[in-house]
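# Structure assessment
The lines below spell out each chain.
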Amino acid sequence: MHVSTSTRSRLALRAALVVGVAAVVAYFALGMPGMDHSTGSSMAGMDHSTGSAMAGMEMSKGAVRRRVTADEFAMEIQRSDTVVLNVHTPYEGEIPGTDLFLPFDAIDNARLPQDKSTTLAVYCQTGRMSAQAATTLAELGYTSIVELEGGMQAWTASGRTLADA
């Protein structure tokens, strides 16, 4: 069977198009920057239906995680039903009103509230350890997690003080 040159060109073009589309899909499904691949949720807080950012909000495994500024964190920890966790290790001081010190890499249910809907306000020195702790808390079933973006450094940069060791 003889296939014309123009037919071969169209088939090659279609094959290239299919490969290109597959590459784009793979990029967004597997390699998109800011994507938490374990949960499939956007770490960047992008509302893809509108294209607008939802500042610091992430939903994963039934948990709502909010990354907030020092001002927002200060308001959050004033609530009587919020448990404040310092997860920085080694201990380098704390935000006044902190309820628990739990190293970010040794979090378990033993000292945490039994009510998984309790709001947990989590912080560390810079935000890196608290992000890992928030992931662990979500995996343990906690559904309301607030992270201090920038940690104690952001807290003090906002003019607030720490309680020393």
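Residues numbered from 1 in each chain as written. Predicted model: local features only at pLDDT ≥ 70, side-chain atom pairs only at ≥ 80, totals over all residues. Heavy atoms only, no water.

## Some remarks on the overall build of the chain
Of the regular secondary structure elements, the chain holds 4 helices and 10 strands. Beginning at the N terminus, the succession of helices and strands in the chain can be written as α-β-β-β-β-β-β-α-β-β-β-α-β-α. The proportion of buried residues among the 165 residues of the chain is 34%. For the chain, the computed accessible surface area is about 9400 Å², with 60% contributed by carbon and sulfur atoms. (Helix = DSSP H or I, 4+ residues; strand = E, 2+ residues; numbered from the N terminus. Buried < 20%, exposed > 50% of the residue type's maximum accessible area, 1.4 Å probe, protein only. Areas by Shrake-Rupley, 256 points an atom, 1.4 Å probe, with all protein chains shown as cover.)

## Re the pairing of strand E7 (residues 82-86)
The buried fraction of E7 is high, at 5 of 5 residues. Side chains Thr82, Val84 and Asn86 of E7 all project onto a buried face; the interleaved residues Val83 and Leu85 project onto the opposite face, where all are buried too. Direction of pairing for E7 relative to strand E8 (residues 100-101): parallel, over a ladder of 2 bridges. Residue Asn86 lies in a different strand from E8, and its bridge partner there is Phe101. (Pairing = 2+ DSSP bridges.)

## A look at the pairing of strand E10 (residues 144-148)
The side chains of a regular strand alternate, first on one face of the sheet and then on the other. Of all the 5 residues making up E10, 5 are buried; the element is thus mostly covered by neighbouring parts of the structure. Side-chain alternation along E10 places Ser144, Val146 and Leu148 on one buried face and Ile145 and Glu147 on a second face that is also buried. Chirality of the crossover, the property in question, places the unit of strand E9 (residues 119-123), helix H3 (residues 128-139) and E10 among those that are right-handed. (Right-handed = clockwise from strand over helix to strand, strands pointing away.)

## Looking at H3
Compared with an ideal rise of 1.5 Å per residue, which puts 12 residues at 16 Å, H3 spans 17 Å between its outermost C-alpha atoms and is within 8% of the ideal. By the burial criterion, the buried members of H3 are Met129, Ser130, Ala133, Ala134, Leu137 and Ala138. (Expected span 1.5 Å × (residues − 1).)

## Comments concerning the environment of Thr135
Summarising the element assignment, Thr135 is placed in helix H3. When the C-alpha atoms of Thr135 and Ile145 are compared, they prove to be 9.3 Å apart, with 10 residues separating the residues in sequence.

## Details of the confidence of the model for the chain
Here the chain shows a mean pLDDT of 77. Residues at 70 or above account for 62%. Looking across the chain, the model is least confident in strand E4 (residues 52-53), with a mean pLDDT of 34, and most confident in E9, with 98. Confidence drops under a pLDDT of 50 for residues 20-55, and excluding neighbours within four residues, the segment shows 40 contacts in the predicted structure. (pLDDT = per-residue confidence, 0-100. Contact = heavy atoms within 4.5 Å.)

## As for the nonpolar core
In terms of nonpolar packing, the biggest core is built from 19 residues, with Leu85, Val87, Leu112, Val122, Leu137 and Ile145 touching the most fellow members. At the level of elements, E7, E9 and H3 are the ones that each hand at least two residues to this core. Among the elements that line this core, the one with the most residues is H3, at 5 residues. If you look at the next biggest cluster of nonpolar residues, it comprises 13 residues, including Ile95, Ala121, Leu148 and Trp155. (Core = buried A, V, L, I, M, F, W, Y, C linked by side-chain atoms within 4.5 Å.)

## As for the environment of Arg67
Structurally, the position occupied by Arg67 is in strand E6 (residues 63-68). Arg67 sits in the partly exposed class, given a relative accessible area of 21%. On a C-alpha basis, the gap between Arg67 and Val146 in space is 6.0 Å, while along the polypeptide they are 79 residues apart.

## Some remarks on the side chain of Thr118
With respect to the element layout, Thr118 can be found in the loop between E8 and E9. Classification of Thr118 by relative accessible area gives buried; the value is 13%. Within the structure, the side chain of Thr118 is placed 2.9 Å from the backbone oxygen of Asp115, a separation counted as a polar contact. Sequence-distant contacts of Thr118, defined by excluding residues within four places in its chain, comprise Asp81, Val83, Pro113 and Ser144. (Polar contact = N/O pair within 3.5 Å; in protein donor to acceptor, adjacent residues only side chain to side chain.)

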